[in-house]
Structures are given as structure tokens and as C-alpha cells.
Amino acid sequence: MFKSDDLIKITLVAFEGISAFHLSVPCMVFQDIFVGQPPQFDLKICTENGSQFETGSGFDVVIDRNLSAIEAADIVIIPSWPNDLAEPSKQLIAALQEHHRKDKLLVGLCLGSYVLACAGVLDGKKATTHWAFSEQFQQQFPKVEFDPNPLFIEHETLITSAGIAASLDCCLHIVRRLRGSKLANDIARKMVTAPFRTGGQQQYIPAPINTKPLKETSLSLVIEKVEQNLNLSHSLEEVAARCAMSKRTFTRQFKATYGCTFGEWLQNQRLVLSQGLLETTQNSIPQIAQQAGFGSDSVFRKHFKTAFHVSPIQWRATFKQ
């Protein structure tokens, strides 16, 4: 675990024809967002030989670092890979295998998972990638269990993400894992994106604040009260009645406003609360389950594991300073 004042060293591997989007996402999350404030990460970009190359977005980039930059890195990120899945060089494979032997974090964003699979570090493990390439990956790498459904899959020193926008979810998760939810949430807020999206579900974007006076039965005010009392039971029937709506009308208006069902939203809010409690308190798992409104610790453990692919105990251990 890194200390709070450690500058975490990240090496991002770029290559000819890389998408500017895939290159910029880690740059934004781990570097650009910290302009004007103390940095948390030391991001370096390297290429095979350290040279000028053309991106797939129509402009050239000059990189003066070669693969030797991987040696000093705490984290190495492969930001996708060309769609033709060209074979990675022996030099890159060797550098990644050496990094993995040191028990340091390797990240494959989108088709970057292909490079990690070529290096053999995913053998015997579950991994994800862009859904359109899942079948091809399974045929080429039968020892890897590819699952195209999660936004990202994490092992102790390996993380793979699904396609395109999921690379942002993955990078925010890395911030959350290494620096806590508060910083990850702050970054997400500045980027105007969701702090995290569980599984393949829709993002949970809160409704804009209404500047007009709110009636007691308005949707916004009722949901605000639910947020303040997540430990209590909140049935669809009861919440709809408080809004002076039928279940059907409430469900329709809620989904139009929040982009998901009330049940999905409520579970997401409870999961967010439980993350914070695991990270910042010494409360027992049953206590946290009760505080977050899950009722029993067995129900809490089930939903938490489904959402984050780790147990509450593992999550707490990850964030323990």
C-alpha cells in the first residue's frame, strides 16, 4: 500500500496509430486534473523506441522515452491496442513480464487486455475486453476466461477493462483503490462523470438542482430525504405515495429523471455509502450492512461482491493505510 505522500509512478505505453482518446483518458485522470494542486501520480509516456509517431486521430506525437521507463514504474498501463491485434514485440512482452514478476500493477484498457494476454500474465484468470473481440480472444487465449460484461475486472496486480468509455471507469477505480473514494469522487465531479458504474448498469446521474421552491411531495425532495436515510426501508409503493404518485407514474418519472429504476438507484447509493464506511470506520460488516440499509450482512456481501468483484473485507484491506 502506498503512503498518502507517495507519488505513485505510472508508465503509459503508447504506439503508432493509437487513438487520442485512449491515450488521453489516463493522462486526464492521473495528471491533467491535478493542475494547480498537489499531484498524486507521476505519469510518464513511453514508446517502443522513444520517437515521433502518428496517432490514429490524425496528428503526430513526440515521445522521448523508450520501454526502459517501465523499470521504475509502480503501475504500467496499456491503453488499448490496434483493432487488427498486431502481435506485441518481444521487447514489450519481456518488459511487462518482468514488471509482473515484481508484483506491480499491470493494467490493460480495452484492447490493451490483448497485450497482457500475449504476455501470459492473464492465464488462469478472468479478464475482460471490448465485447466485440471476446470470441476472438477466447479462441486465441483458451487459458484466459474472458468476460465481456463487467466494466473492469481486478486481480491483485492485474486490471483489465471493457471497451472505450470503460477505460475511464477503470482509471477512476485505480484512484479509488490507491487514494480513496473522496479523491476519485472529486475527480469524477470535475470531469462531469459518474464516480463509478456498477457492472454493466447505466450511470447514476443525479437530477439537476431545482432552484424553484420544492413542494413536500415533489420527487426531488422525497429522493433527497431517502438519500439522508439510506439505512431505512424504502419500498417503491411507499416512496411513490410520498410523491403523491401511482407506482407506474413514479417509475416513469424517476427513470426519465435519473436514467435508471428506483431500485437500481437505491442499491447504488447504499453501495457508495458502504464503500465510505469500509474505508473510514472500524465498524463491523454487520454494522455497515445495517447502516447502509442492506438489512443483513449476507445480503450486503452478496450485492457488494456482485458490484465490485471483491468482498467487503477485501475492499477494506485494500484501502487500509
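Reading the values: rules and limits
Residues numbered from 1 in each chain as written. Predicted model: local features only at pLDDT ≥ 70, side-chain atom pairs only at ≥ 80, totals over all residues. Heavy atoms only, no water. Helix = DSSP H or I, 4+ residues; strand = E, 2+ residues; numbered from the N terminus. Rg over C-alpha atoms; globule rule 2.2 N^0.38 Å. Buried < 20%, exposed > 50% of the residue type's maximum accessible area, 1.4 Å probe, protein only. Contact = heavy atoms within 4.5 Å. Areas by Shrake-Rupley, 256 points an atom, 1.4 Å probe, with all protein chains shown as cover. Lys, Arg positive; Asp, Glu negative; His and termini not counted. Charge placed at Lys NZ, Arg CZ, Asp CG, Glu CD. Expected span 1.5 Å × (residues − 1). Arc of directions from axis to C-beta. Salt bridge = Lys/Arg side-chain N within 4 Å of Asp/Glu carboxyl O. Pairing = 2+ DSSP bridges. Axes fitted to C-alpha atoms, helices over the stretch in contact; angles between N-to-C directions. Parallel < 35°, antiparallel > 145°, perpendicular 65-115°, else oblique. Nonpolar A, V, L, I, M, F, W, Y, C, P; charged D, E, K, R; others polar. Core = buried A, V, L, I, M, F, W, Y, C linked by side-chain atoms within 4.5 Å. pLDDT = per-residue confidence, 0-100. Polar contact = N/O pair within 3.5 Å; in protein donor to acceptor, adjacent residues only side chain to side chain.

Undergrad: Can you break down the overall build of the chain residue by residue, with the values?
TA: In terms of helices and strands, the chain carries 13 helices and ten strands. The C-alpha atoms of the chain give a radius of gyration of 21 Å, which matches the 20 Å a tight globule of 321 residues would have. Projecting the C-alpha coordinates of the chain onto the three principal axes gives extents of approximately 65 × 45 × 40 Å. The 321 residues of the chain split such that 48% are buried. Within the chain, contacts between residues at least 6 apart in sequence are counted, and of these 61% link residues at least 24 apart. Here the chain has roughly 15,900 Å² of accessible surface; of this, 52% comes from carbon and sulfur atoms. Both charge centroids of the chain, one from 32 positive and one from 31 negative side chains, sit 8 Å from each other.

Undergrad: Summarise helix α2 (residues 90-101); cite the residues concerned and give the values.
TA: Taking 1.5 Å of rise per residue, twelve residues should cover 16 Å, and α2 covers 16 Å from first to last C-alpha, within 8% of that figure. Buried residues of α2: L92, I93, A95, L96 and H99, and no others. In a view along the axis of α2, the buried residues occupy a sector of 165 degrees, so they form one face of it. Every exposed residue of α2 that faces more than 90 degrees away from the buried side is listed here: K90, Q91 and R101. Those residues of α2 that are buried are in contact with β1 (8-13), β5 (75-79), β6 (105-109) and α3 (112-118). Positive phi appears at D103, one or two residues downstream of α2, with a value of about 60 degrees.

Undergrad: Break down the pattern of salt bridges for me, citing the residues and quoting the values.
TA: This model, assessed by the stated rule, comprises ten salt bridges. Among the salt bridges present, the one from R101 reaches E98, with a minimum N-O distance of 3.0 Å. A residue pair is termed a helical-turn pair when its members lie 3 or 4 positions apart in one helix, as R101 and E98 do in helix α2 at three residues. In this structure, the salt-bridge partner of D186 is K182, at a minimum N-O distance of 3.3 Å.

Undergrad: Lay out helix α12 (residues 297-308) with the relevant residues and their values.
TA: Residues that lie three or four places apart on an α-helix share one face, since the helix turns once every 3.6 residues. For α12, spanning twelve residues, the distance from its first C-alpha to its last is 16 Å, which sits close to the expected 16 Å at 1.5 Å a residue. Among all positions of α12, only F300, F304, A307 and F308 are buried. An end-on view of α12 places all buried positions within 75 degrees of arc, on one side of the element. Among the exposed residues of α12, those oriented more than 90 degrees off its buried face are K302 and T306. Immediately beyond the C-terminal end of α12, within one or two residues, lies H309, with a positive phi of roughly 65 degrees.

Undergrad: Report on the sheet that holds β5, specifying residues and quantitative values.
TA: Ordered in space as β2-β1-β5-β6-β10-β9, the six strands form an open sheet in which the pairing is mixed. Two strands close off the open sheet at either side, each with one partner strand: β2 (41-46) and β9 (152-154). Neighbour to neighbour, the strand axes of the sheet diverge by 15 degrees on average, direction disregarded. In terms of strand pairing, β1 meets β2 through six bridges, oriented parallel. Across the sheet, I10 pairs through a bridge with L43, a residue of β2.

Undergrad: Pulling in residues and values, what's your account of the packing of helix α10 (residues 262-280) against α12?
TA: Two elements in contact, α10 and α12, have axes separated by 11 Å at closest approach and are oriented at 95 degrees. Between α10 and α12, the angle is such that the two are roughly perpendicular. Two secondary-structure elements touch here, α10 through Q267, L271, S274, Q275 and L278 and α12 through F300, H303, F304, A307 and F308. In terms of residue class, the contact of α10 with α12 is built from six nonpolar, four polar and no charged.

Undergrad: Which residues make up the nonpolar core, and what values do they have?
TA: Counting residues in each nonpolar core, the largest one holds 72 residues, and the members touching the most others are F30, I75, L96 and V107. Of the residues forming this core, the biggest block, eight residues, is contributed by helix α5 (residues 166-179). In contact with I75, other than residues within four places in its own chain, are I8, K9, I10, T11, H99, L105, V107, I174 and L178. Counting 16 residues, the second-largest nonpolar core is a separate cluster that includes V222, A240, M245 and Y258.

Undergrad: Can you break down the confidence of the model for the chain residue by residue, with the values?
TA: Per-residue confidence for the chain gives a mean pLDDT of 86; residues scoring 70 or more make up 90%. Between residues 199-217, whose pLDDT stays under 50, and residues either more than four places distant or in other chains, the model counts 31 contacts.

Undergrad: Account for the side chain of D147, naming residues and giving values.
TA: Among the structural elements, D147 can be located in the loop between β8 (145-146) and β9. A distance of 3.0 Å separates the side chain of D147 from the backbone nitrogen of N149, its partner in a polar contact. Not counting chain neighbours up to four residues away, the residues in contact with D147 comprise K126, A127, T128 and I153.

Undergrad: Account for the pairing of β6, naming residues and giving values.
TA: β6 sits mainly inside the fold: five of its five residues count as buried. With burial as the criterion, each face of β6 is covered, one bearing L105, V107 and L109 and the other bearing L106 and G108. When β5 meets β6, the two strands line up parallel, connected through five bridges. The partner of P79 across the bridge, within β6, is L109.

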